[in-house]
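Remarks on the overall topology
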Amino acid sequence: MTTVLDHITVVAPTLAAGAKFIRDTLGVELQPGGSHPRMGTHNVLLSLGESTYLEVVAIDPSAPKPSRPRWFGLDTLNPRSPPRLAAWVVGTKDIEASARCCATELGPIEPMTRGANAWLITIPADGGLPFGGAVPALIQWQTQAHPAAALANSGCSLVELEVFHPEPRRVSSVLQCLGLASPPRVHPSASTDTLLVAHIQTPHGLRTLAAA
């Protein structure tokens, strides 16, 4: 079962803080996204190609608190938390089969919506990030066209994603079982925290996105 990188996720205490982080780092503006009713979150988006995008996601202050933990570890943020590239998501045409092939528990498969878009995605029950974000979530879109196709061309594209983790062999093993078409490079890290680094070609040249 082959999977492909679908999108990368920046978490922030507010959408305004996240959008400023992207503007300062990449020199581009994001586009409106929408709300995720089941998670009590909302996002803004940046095209990275016809089937790849970047999202900034934050707690939606106008939405009711969900009955379960929010995704991407958003409940652990506080107003002073710096925006950071926290997660990545890979697409599959059969999420149940891909999840069964994985040697690591990625979390239950949950139905989600944002406006007219609908999808299935793996989310750990505690709302955390598998391997601290070193391992991706799985997504299966249930809409005919990929949502990235509806975004305006930003002039940005993802050149490379790198993963830094204290147990690189374990991470690489999981990525291998997911059958990633173009897996990121996985590096050893002395820190106990996962670090994701995205190298993005922008209208202003090659920029690096990690944490604020």
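Shown above is the structure to which this text applies.
The structure displayed is predicted, hence computed values, not measured ones.

A positive phi angle is found at F72, which is not glycine, with a value near 55 degrees. One can find F72 in the loop between strand 4 (53–59) and strand 5 (84–91). Backbone geometry at F131 places phi at a positive 55 degrees, although glycine is not the residue there. Structurally, the position occupied by F131 is in the loop between strand 7 (117–122) and strand 8 (137–141). Judged by its relative accessible area of 16%, F131 is buried.

Let us look at helix 1 (residues 15–26). The terminal C-alpha atoms of helix 1, which comprises twelve residues, lie 16 Å apart, in line with the 16 Å expected from a rise of 1.5 Å per residue. Structurally, helix 1 contributes buried residues whose contacts are with strand 1 (4–11), strand 3 (41–47), strand 4, strand 5, strand 11 (195–202) and strand 12 (205–209). Once helix 1 ends, the next one or two residues include G27, with phi positive near 75 degrees.

The subject of this paragraph is the sheet that holds strand 9 (residues 157–165). Within the open sheet, the four strands sit side by side as 10-9-11-12. Their pairing is mixed. Of all the strands in the sheet, just strand 10 (185–188) and strand 12 have a single pairing partner and so form its edges. Between one strand axis and the next, the sheet turns through 20 degrees on average, direction left out of account. Here strand 9 pairs with strand 10 via four bridges, running parallel. The partner of H165 across the bridge, within strand 10, is P188. Sitting on the sheet, helix 1 is in contact with strand 11 and strand 12, with an inclination near 140 degrees to strand 12. The strands touched by helix 3 (residues 168–177) are strand 9 and strand 10; relative to strand 10, the strand with the most contacts, the crossing angle is about 160 degrees.

Cut-offs used in this document
Residues numbered from 1 in each chain as written. Predicted model: local features only at pLDDT ≥ 70, side-chain atom pairs only at ≥ 80, totals over all residues. Heavy atoms only, no water. Helix = DSSP H or I, 4+ residues; strand = E, 2+ residues; numbered from the N terminus. Buried < 20%, exposed > 50% of the residue type's maximum accessible area, 1.4 Å probe, protein only. Expected span 1.5 Å × (residues − 1). Contact = heavy atoms within 4.5 Å. Pairing = 2+ DSSP bridges. Axes fitted to C-alpha atoms, helices over the stretch in contact; angles between N-to-C directions.

Honestly, it's all geometry; don't read function into it.
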